[in-house]
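Fold and geometry: a report
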Amino acid sequence: MTSKSFTEQINLFGDSSLKNRIVFVGTLFLLGAIFAVYSDYNLATGSGNLSMVLFLAANVYYPAKSLRLNFNVKGVQPFFDIFLVTHHWLNTFSFLVACLHCYITPWSNTWLMIALSLMGWLTICGYLLWMKYPPGRVRKGIYLLHTQQIVFFLLVFAMLKGHYVF
């Protein structure tokens, strides 16, 4: 009998009742919609702002994990388990809001399509890794592409170039 790793023991959909989860997700959706509508002069830029906030909040996980490993902090694994689940959900919502932003924005360019594609790739690969779906050899390749900082920096570069340099 094999023991499960920490990430396999975490319930991606939470441990509370279905009613509590629906109320929580509904509240987050409502707050996100209010933020998107009132954070700027129109929904297109407001949804872009919301996507950016969600994306930044989701990816605080990696510097925090790096600091934890560098300073050898003990006793924080339960927090990082929850943080990993939060990372998954915030990135998923960030990608969905980015898709909405792309759909309702009246302009686009190749750099922005590259950024959206990279964001989708990272989101899908993250879930494939979480589910341990692909065979081991493929999973290793996906893991390398998902966790390499160069992909993240290419995504940020493409977003900045597409929004401000084009």
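It should be noted that the structure appears before, not after, this text.
Residues numbered from 1 in each chain as written. Predicted model: local features only at pLDDT ≥ 70, side-chain atom pairs only at ≥ 80, totals over all residues. Heavy atoms only, no water.

**Comments concerning the packing of aromatic side chains**
How we decide: Side-chain rings of Phe, Tyr and Trp, where Trp is taken by its six-membered ring, are said to pair if the distance between their centres is within 6.5 Å; with planes under 30 degrees apart they count as stacked, over 60 as edge-to-face, and otherwise as tilted. In DSSP terms, a helix is any run of H or I states spanning at least four residues, a strand is any run of E spanning at least two, and both are numbered starting from the N terminus. Accessible area is worked out with a 1.4 Å probe on protein chains only. A residue is then buried under 20% of its type maximum, exposed over 50%, and partly exposed in between.
Here the structure, examined in full by the defined rule, presents eleven aromatic pairs. Relative to phenylalanine 83, the ring of phenylalanine 79 lies with its centre 5.4 Å away and its plane at 50°, an arrangement referred to as tilted. Taken together, the residues phenylalanine 79 and phenylalanine 83, both in helix α5 (residues 77–104) and four residues apart, mark about one turn of the helix. On the basis of relative accessible area, phenylalanine 83 is assigned to the buried category, the value being 15%. Consider the rings of tryptophan 89 and tyrosine 127, whose centres lie 6.5 Å apart with planes at 70°: the pair is edge-to-face. Of this pair, tryptophan 89 sits in helix α5 while tyrosine 127 sits in helix α6 (residues 110–131), and the two are 38 residues apart along the sequence. Overall, tyrosine 127 belongs to the buried group, its relative accessible area being 19%. Here the aromatic cluster, defined as three or more aromatic residues joined through ring pairs, consists of Tyr61, Tyr62, Phe79, Phe80 and Phe83.

**Some words on the nonpolar core**
Operational definition: Here the nonpolar core consists of buried residues drawn from Ala, Val, Leu, Ile, Met, Phe, Trp, Tyr and Cys, with membership extended through side-chain atoms lying within 4.5 Å. Contacts between residues were defined by any pair of non-hydrogen atoms, one from each residue, lying within 4.5 Å.
Core analysis: the largest hydrophobic core is formed by ten residues, namely Phe55, Phe95, Ala98, Ala115, Leu116, Met119, Leu122, Val151, Leu155 and Ala158. Taken together, the elements giving at least two residues each to this core come down to α5, α6 and α8 (149–165). Filtering out sequence-adjacent residues up to four positions away, leucine 122 remains in contact with Leu145, His146, Val151 and Leu155.

**Brief notes about the state of the cysteines**
Two cysteines joined by a covalent bond between their sulfur atoms form a disulfide. As a reminder, the rule being used: A pair of sulfur atoms, both from cysteines and within 2.5 Å, is called a disulfide here.
Overall, the coordinates contain zero disulfides when judged by the stated rule. Here cysteine 102 stays free of any disulfide, with the sulfur of cysteine 99 as its closest cysteine sulfur at 7.2 Å.

**Section: the packing of α5 against α6**
A pair of packed helices is characterised by two quantities: the angle between their axes and the separation of those axes. How we decide: Only the stretch in contact is used when a helix axis is fitted, and all axes are lines through C-alpha atoms; the angle between N-to-C directions ranges over 0 to 180 degrees. Geometric relationships in this document are graded by angle, where less than 35 degrees denotes roughly parallel, more than 145 denotes roughly antiparallel, 65 to 115 denotes roughly perpendicular, and other angles denote oblique. Crossing chirality is assigned from the near helix's rotation relative to the far helix, an anticlockwise turn below a right angle marking it left-handed and a clockwise turn marking it right-handed. Throughout, the ten residues Ala, Val, Leu, Ile, Met, Phe, Trp, Tyr, Cys and Pro are labelled nonpolar, Asp, Glu, Lys and Arg are labelled charged, and all others, Gly among them, are labelled polar.
Relative to each other, α5 and α6 sit at 150°, their axes nearing to 10 Å. Classified by the angle their axes make, α5 and α6 are roughly antiparallel. Of the two elements, α5 crosses α6, and the hand of that crossing is left-handed. Across the interface between the two elements, Leu84, Val85, His88, Trp89, Asn91, Thr92, Ser94, Phe95, Ala98, Cys99 and Cys102 from α5 touch Met113, Leu116, Met119, Gly120, Thr123, Gly126, Tyr127 and Trp130 from α6. Taken together, the residues of the contact of α5 with α6 break down into twelve nonpolar, seven polar and no charged.

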